[in-house]
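# Coordinates in review
Residues per chain, in single letters:
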Amino acid sequence: MDYRSGGWALWLMLCLTHRAPGSLVPTPLAEASRAMAGDTTLSENYAFAGMYHIFDQHVDQAVPKVQFANDDKHLLACCSLDGTISVCQLVPTPPAVLQTLRGHNGPVSDFAWSLSNDIIVSTSLDGSMCIWNTHDGRCIRQIADPDSAQMLCCTFQPINNNLTVVGNSKHNIHGVNISTGKKVKGGSSKLTGRVLSLSFDSAGRILWAGDDRGSIFSFLFDMATGKLTKAKRLVVSEGSAITSISARSWISREARDPSLLVNACINKLLLYRVVDNEGALQLKRTFPVQQMSHALGSIFCPLMSFRQGACVVTGSEDMCVYFFDVERATKAIVNKLQGHSAAVLGVSFNCDESLLASSDAKGMVIIWRREQK
């Protein structure tokens, strides 16, 4: 089925499935950051091999997203097309599902952790956003989409976690106050297609949104009012869905060159440079990834081996997880993990990069462990 001619719901149900100046890598003086990353080669840093654990509570239903909690090594969540969200704990062993969040009446399309990890917000094809207490699994509030549309993605405003932004199937994004459940005045805008992906920069001043028609829009966010102002538009590839956007948050203050990592249905992972204060983008690198029909995601690695480069990780329709060195001109693949039996949709690192989680279109979630030297 062609996602461009059919509804997002059907598509999701079926397929969810040497450093030059201005380079991505911080200056050689970033000693503190290097110390945190470890003085090892990039290949050693990302030598993930063994499986730590496999979660199969969502088997036979795609898990579009898996995400470790903020600054946490052993707490993660995943959402499923079966309409639930699992909150899982990896220690003490054996790993276990702590909470199963039930309340949506349709497939869960996306979710996000609050900064303090006490709240999860989720969006669903049932046309609602739920706000969950992660400690007891209660649904604190359920908010209907302002346009009575399928809700496809969500993200917290990173500085003010009382505000979230959601994207829907009627091409709109809306800022929502999760305390009141109401839409933020001036916090809405329209894209050219169904809104599939959202990402703020770390300061919360710029929001990027991607749609199923191949466009990425940037918006300026007013911290005082929550108002969104449309700034720039980039057409990546006409008619090719933008399924994931990740703004880079470096751990080093010396880092330059803000960047955006983008999954698009053109068999490429795209790395953009953010070139101005309005979120305009300039293509820096592309990496070959099998993606033409599935909603895949990718991430920047939270820690970096700064002497050897920087790394990104993505899912792929060939059932593998790929690690790419963004500074390597040729043979950029640093590692390739095989173990899934369906397209890998979501990937997430824990805070110290000792564990990597990946989810696939058949509902399997694999936790990978860094190889011990």
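Remember, predicted model here, so these are calculated numbers, not experimental data. (Residues numbered from 1 in each chain as written. Predicted model: local features only at pLDDT ≥ 70, side-chain atom pairs only at ≥ 80, totals over all residues. Heavy atoms only, no water.)

If you trace the four strands from one edge of the open sheet to the other, you get E1-E28-E27-E26, paired in antiparallel fashion. Each edge of the open sheet carries a strand with a single partner, namely strand E1 (48-55) and strand E26 (344-349). Across the sheet, the mean angle from the axis of one strand to that of its neighbour is 25°, orientation sign disregarded. As paired strands, E26 and strand E27 (residues 355-360) are joined by five bridges and run antiparallel to one another. Following the sheet pairing, serine 348 is matched in E27 by alanine 357. (Pairing = 2+ DSSP bridges. Helix = DSSP H or I, 4+ residues; strand = E, 2+ residues; numbered from the N terminus. Axes fitted to C-alpha atoms, helices over the stretch in contact; angles between N-to-C directions.)

Right, let's talk about the environment of leucine 234 for a bit. Here leucine 234 is to be found in strand E17 (residues 228-235). Leucine 234 gets classed as partly exposed once you look at its relative accessible area, which sits at 23%. When the C-alpha positions of leucine 234 and serine 215 are compared, they lie 5.6 Å apart, and in sequence the two are 19 residues distant. Setting aside residues no more than four positions away along its own chain, leucine 234 makes contact with Gly214, Ser215, Ile216, Tyr272 and Leu281. (Buried < 20%, exposed > 50% of the residue type's maximum accessible area, 1.4 Å probe, protein only. Contact = heavy atoms within 4.5 Å.)

This part takes up the pairing of strand E6 (residues 108-113). In terms of burial, E6 is a largely internal element, six of the six residues being buried. Hairpin remark: E6 followed by strand E7 (residues 119-124), antiparallel, with five residues in the connecting loop; positive phi at asparagine 117, about 65°.

Let us look at the nonpolar core. Leu269, Phe287, Val312 and Phe324 are the most contacted members of the largest nonpolar core, which has 20 residues in total. Going through the elements one at a time, strand E20 (268-274) and strand E24 (320-325) are the ones with two or more residues in this core. With three residues, the top contributor of residues to this core is E24. Ignoring any residue separated from it by four or fewer positions in sequence, one finds leucine 269 in contact with Leu261, Val262, Asn263, Arg285, Thr286, Phe287, Val289, Ser298, Val312, Thr314 and Phe324. If you look at the next biggest cluster of nonpolar residues, it comprises 16 residues, including Phe48, Ile299, Phe323 and Val334. (Core = buried A, V, L, I, M, F, W, Y, C linked by side-chain atoms within 4.5 Å.)

The sheet built from four strands is open, its strands ordered E14-E15-E16-E17 with antiparallel pairing. Unpaired on one side and paired on the other, strand E14 (195-200) and E17 mark the two borders of the sheet. Sheet twist, expressed as the average angle between the axes of neighbouring strands with direction ignored, equals 20°. By the bridge criterion, five bridges tie E14 to strand E15 (residues 206-211) in an arrangement that is antiparallel. Across the sheet, residue leucine 198 finds its bridge partner in E15, namely alanine 209.

Another point: the packing of aromatic side chains. Under the defined criterion, the tally for this structure stands at nine aromatic pairs. Seen in terms of ring centroids, phenylalanine 48 and phenylalanine 323 are 5.9 Å apart; in terms of plane orientation they differ by 25°. Their pairing is stacked. You can see phenylalanine 48 sitting in strand E1 and its partner phenylalanine 323 sitting in strand E24, a full 275 residues away along the chain. What makes phenylalanine 48 buried here is its relative accessible area of 3%. Here the aromatic cluster, defined as three or more aromatic residues joined through ring pairs, consists of Tyr46, Phe48, Phe323 and Phe349. Lying over the aromatic face of phenylalanine 111, lysine 65 brings its terminal NZ or CZ to 5.3 Å of the ring centre. (Phe/Tyr/Trp six-rings, centres within 6.5 Å; stacked < 30°, edge-to-face > 60°. Lys NZ or Arg CZ within 6 Å of the ring centre and 35° of its normal.)

Now for the pairing of strand E28 (residues 365-370). Along E28, five of the six residues are buried, which leaves the element largely enclosed by surrounding structure. Bridge count for E1 against E28 is five bridges, and the pairing is antiparallel. Following the sheet pairing, phenylalanine 55 is matched in E28 by valine 365. With five bridges joining them, E27 and E28 adopt antiparallel strand pairing. The residue bridging serine 358 from the neighbouring strand is isoleucine 366, located in E28. The turn linking E27 back onto E28 is made up of four residues, and glycine 363 within it adopts a positive phi angle of 95°.

Bringing the environment of lysine 73 into the picture now. The residue lysine 73 is located in the loop between strand E2 (65-68) and strand E3 (75-79) in this model. Each C-alpha atom of the pair lysine 73 and serine 354 lies 7.7 Å from the other, and the pair is 281 residues apart in sequence. Within the local environment of lysine 73, its side chain forms a polar contact with the side chain of aspartate 352, the two groups lying 3.5 Å apart. (Polar contact = N/O pair within 3.5 Å; in protein donor to acceptor, adjacent residues only side chain to side chain.)

Further remarks concern the confidence of the model for the protein. Do not read the predicted coordinates in detail wherever pLDDT is low. Here the protein averages 88 in pLDDT, and 84% of its residues register 70 or above. Confidence over residues 14-23 falls short of pLDDT 50; this stretch has 36 contacts with residues more than four positions distant or in other chains. Long-range and interchain partners of residues 251-255, a stretch whose pLDDT sits below 50, account for 15 contacts in this model, where long-range means more than four residues apart. (pLDDT = per-residue confidence, 0-100.)

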